[in-house]
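A structural walkthrough
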Amino acid sequence: MGPKSAQRIAFHLLKLPMDDALRLARSITEAKERVSFCQRCFNVCEGEECGICLDTRRDATLVCVVEEPRDVVAVEKTQEFKGRYHVLQGAISPLEGIGPDQLRVKELLARIRIEEIAEVILCTNPNIEGEATAMYLARLLKPLGVRTTRIASGLPVGGDLEYADELTLGRALEGRRDLEG
Ligand SMILES: [Zn+2]
């Protein structure tokens with residue numbers, strides 16, 4: 001959330017009647033208690049595993065790696081992808097002090113060891129952090145012998161996946177290419 005939206009929300013909250021404020025506080029607490037992260041893919045979910053991981057019709061050999069749960073929503077909207085996800089919960093960003101240890105990288109490697117994953121699609125954002133994360137993961141995955149692909153360019157550079165329209169993102173997924181580590 002940017003500083004402008006945060007300020008708008010803060011002013012809105014200040015104007016709320018006390019009753020509404022208490023009700024809002026209660027819903028936030030309840031949501032916090034109920035919603036957690038999927039133990040397999042780290043998407044948001046209620047319970048231990050998310051609906052996508054639990055869906056037996058989906059291809060468990062195909063894993064799409066994204067930065068945030070909102071990117072899962074963006075890829076789902078394309079209706080082009082029938083595999084599972086792995087949410088890193090961020091991207092590598094030296095400027096913000098975020099390295100691989102702060103992301104769900106270890107968990108991804110563990111899944112590749114345990115699950116029968118044939119292909120990992122690196123679907124991080126087409127910006128500096130997203131590209132750096134994809135390159136880092138490609139190098140890490142190479143020795144594991146799993147096919148590693150990157151979504152095609154053609155997405156607005158510097159943008160976020162969530163702002164790409166379904167058609168463009170769908171095409172980027174379809175046109176993914178193999179990465180050399
Ligand atoms: Zn999941």
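If you're wondering where the values come from, they're calculated on a predicted model, not measured in any experiment.

1. Quick look at the confidence of the model for the chain
On average, the chain scores 91 in pLDDT, and the residues at 70 or more come to 97%. The element-level mean pLDDT for the chain is lowest in helix 7 (residues 166-174), coming to 87, with strand 4 (residues 83-87) highest at 98.

2. Comments concerning the packing of aromatic side chains
Per the counting criterion, the structure on display carries 1 aromatic pair. Considering the side-chain rings of Phe81 and Tyr85, the 5.2 Å spacing of their centres and the 65° angle between planes classify their relative orientation as edge-to-face. When its relative accessible area of 5% is taken as the criterion, Phe81 is described as buried. Tyr85 sits in the buried class, given a relative accessible area of 1%.

3. Let's talk about the environment of Pro17
Within the secondary structure, Pro17 sits in the loop between helix 1 (3-15) and helix 2 (18-34). Expressed as a C-alpha distance, the spacing of Pro17 and Gln7, which sit 10 residues apart in the sequence, is 18 Å.

4. So, the pairing of strand 6 (residues 147-150)
Where strand 5 (residues 119-122) lies against strand 6, 4 bridges are found, and the strand directions are parallel. Each bridged residue has a counterpart across the sheet, and for Glu119 the counterpart in strand 6 is Arg147. The parallel pair strand 5 and strand 6, bridged by helix 6 (residues 128-141), forms a crossover whose chirality is right-handed. The pairing of strand 6 with strand 7 (residues 177-178) spans 2 bridges and is antiparallel.

Calculation rules
- Residues numbered from 1 in each chain as written.
- Predicted model: local features only at pLDDT ≥ 70, side-chain atom pairs only at ≥ 80, totals over all residues.
- Heavy atoms only, no water.
- pLDDT = per-residue confidence, 0-100.
- Helix = DSSP H or I, 4+ residues; strand = E, 2+ residues; numbered from the N terminus.
- Phe/Tyr/Trp six-rings, centres within 6.5 Å; stacked < 30°, edge-to-face > 60°.
- Buried < 20%, exposed > 50% of the residue type's maximum accessible area, 1.4 Å probe, protein only.
- Pairing = 2+ DSSP bridges.
- Right-handed = clockwise from strand over helix to strand, strands pointing away.

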